[in-house]
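Tertiary structure, described
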Amino acid sequence: MSLRVLLVLVTSVAVCVGAVAQAPDQPTIWASKPDVAGFEKIVNDHLAAAQAAVDKITAVKGPRTVDNTVAIFDEAIRQINTSLYLSVLMQQVHPDAAFRDRASEMVRKGSAAQTALSLNHEVYQALAGLDVSKADAATRYYVKRQLLEFRLAGVDKDEANRTQLKKLNDELTNEQSTFDRNISDDQKKVEVTDPKELDGLPQDYIDRHKPGADGKIYVTTNYPDALPALKFSKSDEFRRRLFLAFQTRAYPKNKEVLERMLKTRYEIATLLGYSSWADYNAADKMIGSGENIGAFIQKVDSAARPIAERENAMLLAEKQKTDPSAKEVGDYEVGYLNELVRRSQFNFDSQAVRPYLPFNAVRKGILDTAATLFHVTFRQEENVSAWDPAVETWDVIDSGKTIGRFYLDMHPRPGKYSHAEMSPVLDGIRGKQLPEAILVCNFPNPTADDPGLMDYSDVVTFFHEFGHLMHWILGGQQQWAGISGISMESDFGEAPSQMLEEWMRSPQVLASFARHYKTGEAIPAELVARMNLASAFGRGTWTSQQNEYTAVSYNVYNGKPENVDLDAVVRAAVTKYTPFIPLPDTHFYASFGHLGGYSSAYYTYLWDKVIAEDFFSKFDHNNLLAGPAPMRYRHAVLEPGGSVSANDLVKNFLGREQNMDAFQKWMGEEFEASAVVQQQAGN
Ligand SMILES: [Zn+2]
């Protein structure tokens, strides 16, 4: 009896604690409603505080300690990060163009402060001279990684070399921005010579493409314009012309820019003692060396080849229905043939799921799913001021305690960043600062007479970005800002987000929120099954093409730049890794923006996909929200943030290093599943 009373009491206390968890006492990001001058002052104050911290480190007399060196260094990092997070966000979301321009200037200022700190010889010596042998493991790891980053920046080199490195890095920054600008400036347009060339495209697309003042119809190489046409236009001739325009953007301008960029990077790498940029760039990542990138490409190739060839045979058979003499598939027609096979072989039309995916239900469904999966609750804060009234503010509560906050800015506005991303707002520091982040997306906006129906791929993107968000919040309970959230090796960052995409494929998870916006009927399991099979088709060839890009990214940076013939590298990669015939006279490297930013690390996407599928294989596929895997994953992979190497995170969760088995299964899922269906039919 008394035991029972006690249990009831305990339960009600737990509920009570959950109910009274306070909103965090740190102000929300837009609490002071700053105008442009106020915003600038906030950013400048953070940068001044960072500089004060740097001065404090270098002024220390007497023995160096964690308190007088690491703690102050971390404060400088926290202040610079806070200023940059805010400036980057305002550059992307503020409704006023003049405000966004000013924010861009503040991004440059914050980046300059960041670069100056990474090249500060005195701060490097302060950290290098510190004895951390008695410090805790996370602090030791933090200092070790920072020293590596300092050395990779060349801080330990002599004055003459540091001056040379500074010059090379400035050149590289200019080359990178020229490379990017040439891509965004070179929007080509292709004339539609016969309106029939748009046959196969959705009516709203055709309606948006009326003849202009010159009486002609054009399709541009902008993504929302070009991609549907490459997928759905029934005119082979038109798709071929459009693909040629698309794959020659920024050519020939960027050929020369890229060649200079390869040279600058090679000089930086060799000055720092590495034999290639690929090797240098891998030194602070999970993969460790250029050689390992090469080995990874070969492993992916072996895993993908049999599946890609099988899928290619189906694409060819589809093509032969209209062109019986066809012997091969061109790279320009892959998107189009994929869609045809999905319809003819898998009886699936991607439009069929949209009515089940109105925005508000999807948002609630994803939040509920994440709450159950990660054992947290979310609570909306009301009446919070923001740059736009549509922005929502949410608290993350764990066992009755508020552990973080996030914002949702989910719908398009003129001038807003046009893709989807998770953007950090504050680093989480245990006992000092709660982690905060924001999702900036462009999903349909529901109104009184429009439910805001989402595409299947939009919902996958939502899950993906929410994966980044949970990583940021749950990994944001660290002692130091510099090891908080997603600060680990950069080639791990896409694994948790790619893994969460899989929850979109669970009939059980989908049925919990995907209901027809008119009838309220839950999405039929049979439709989900067809959707999953159809979306699995094409993964083998997709992987082979990703591997081609990965090989291009590696091969142009692996060696001496004077030996690199860009066109030959690309031709060799298409032929070697994909089953497709390249369209002549294309020069896709000129518009492959990742050769600037990711440089030799484009492998990151496939590397993390392999890890994501391996992680996913440890969950109960009959009930993705149940069993011990979710909490084990939260503890082993997300919560440590950047306090240990990502290679250890992977091993701690899997009990071994990652391998290709689950990834290979994922690639060929459409064949495994249809084999099962055929078998059942045969019995
Ligand atoms: Zn991502």
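The paragraphs below set out a description of the structure included in this document. (Residues numbered from 1 in each chain as written. Predicted model: local features only at pLDDT ≥ 70, side-chain atom pairs only at ≥ 80, totals over all residues. Heavy atoms only, no water.)

Details of the coordination of the zinc ion
Filter applied, for reference: Nitrogen, oxygen and sulfur within 2.8 Å of a metal are treated as its donors, or within 3.2 Å for sodium, potassium and calcium (Na, K, Ca); water is not counted, so a site can appear incomplete. Sites are called tetrahedral only when four donors show all angles between 85 and 135 degrees, square planar or octahedral only when four or six donors show opposite pairs over 155 degrees and all other angles between 65 and 115, and irregular in any remaining case. Comment: elements are numbered from the N terminus, with helices defined as DSSP H or I runs of at least four residues and strands as E runs of at least two. Exposure classes here rest on a 1.4 Å probe applied to the protein chains alone. A residue is buried below 20% of its type maximum, exposed above 50%, and partly exposed in between.
Of the protein atoms, only His-464 (NE2), His-468 (NE2), Glu-494 (OE) and Glu-494 (OE) coordinate the zinc ion, at distances of 2.1 to 2.8 Å. Considering all four donor atoms around the zinc ion, angles at the metal cover 51 to 140° and the coordination shape is irregular. For the zinc ion, the single-chain donor residues occur in sequence as H-x3-H-x25-E. Taken together, the positions of His-464 and His-468, both in helix α16 (residues 456–474) and four residues apart, correspond to about one turn of that helix. On the basis of relative accessible area, His-464 is assigned to the buried category, the value being 11%. His-468 gets classed as buried once you look at its relative accessible area, which sits at 9%.

Structural notes on the packing of helix α9 (residues 223–232) against helix α10 (residues 236–246)
Each packed pair of helices is defined by two parameters, the angle between the axes and the distance between the axes. Condition: Throughout, an axis means a line fitted to C-alpha atoms (over the contacting stretch in the case of helices), and angles, computed between N-to-C directions, take values from 0 to 180 degrees. For classification purposes, an angle smaller than 35 degrees is called roughly parallel, one larger than 145 roughly antiparallel, one from 65 to 115 roughly perpendicular, and anything else oblique. Take the far helix as the reference: if the near one is turned anticlockwise from it by less than a right angle, the crossing is left-handed, and if turned clockwise, right-handed. Contacts are assigned to residue pairs with any non-hydrogen atoms lying within 4.5 Å of each other. Nonpolar residues are Ala, Val, Leu, Ile, Met, Phe, Trp, Tyr, Cys and Pro. Charged residues are Asp, Glu, Lys and Arg, and all others, Gly as well, are polar.
Across the interface, α9 lies against α10 with an axial gap of 10 Å and an inter-helix angle of 140°. As summarised for this structure, α9 and α10 are arranged oblique, according to the angle between their axes. Our pair here, α9 against α10, has a crossing hand that is left-handed. From α9, Tyr-223, Ala-226, Ala-229 and Leu-230 reach across to α10, where they touch Phe-238, Arg-239, Leu-242, Phe-243 and Phe-246. Tallied by class, residues from the contact of α9 with α10 come to eight nonpolar, no polar and one charged.

A look at the pairing of strand β7 (residues 436–440)
Here is the rule we go by: Here the rule is simple: two strands pair whenever DSSP picks up at least two bridges between them.
Within β7, five of the five residues are buried, leaving the element largely enclosed by the surrounding structure. Examined bridge by bridge, strand β5 (residues 401–409) and β7 share five bridges and lie parallel to one another. Following the sheet pairing, Tyr-407 is matched in β7 by Ile-438. Relative to β7, strand β6 (residues 421–426) is paired through five bridges, and the arrangement is antiparallel. Across the sheet, Leu-426 pairs through a bridge with Glu-436, a residue of β7.

Function cannot be inferred from these measures alone, as they are strictly geometric.
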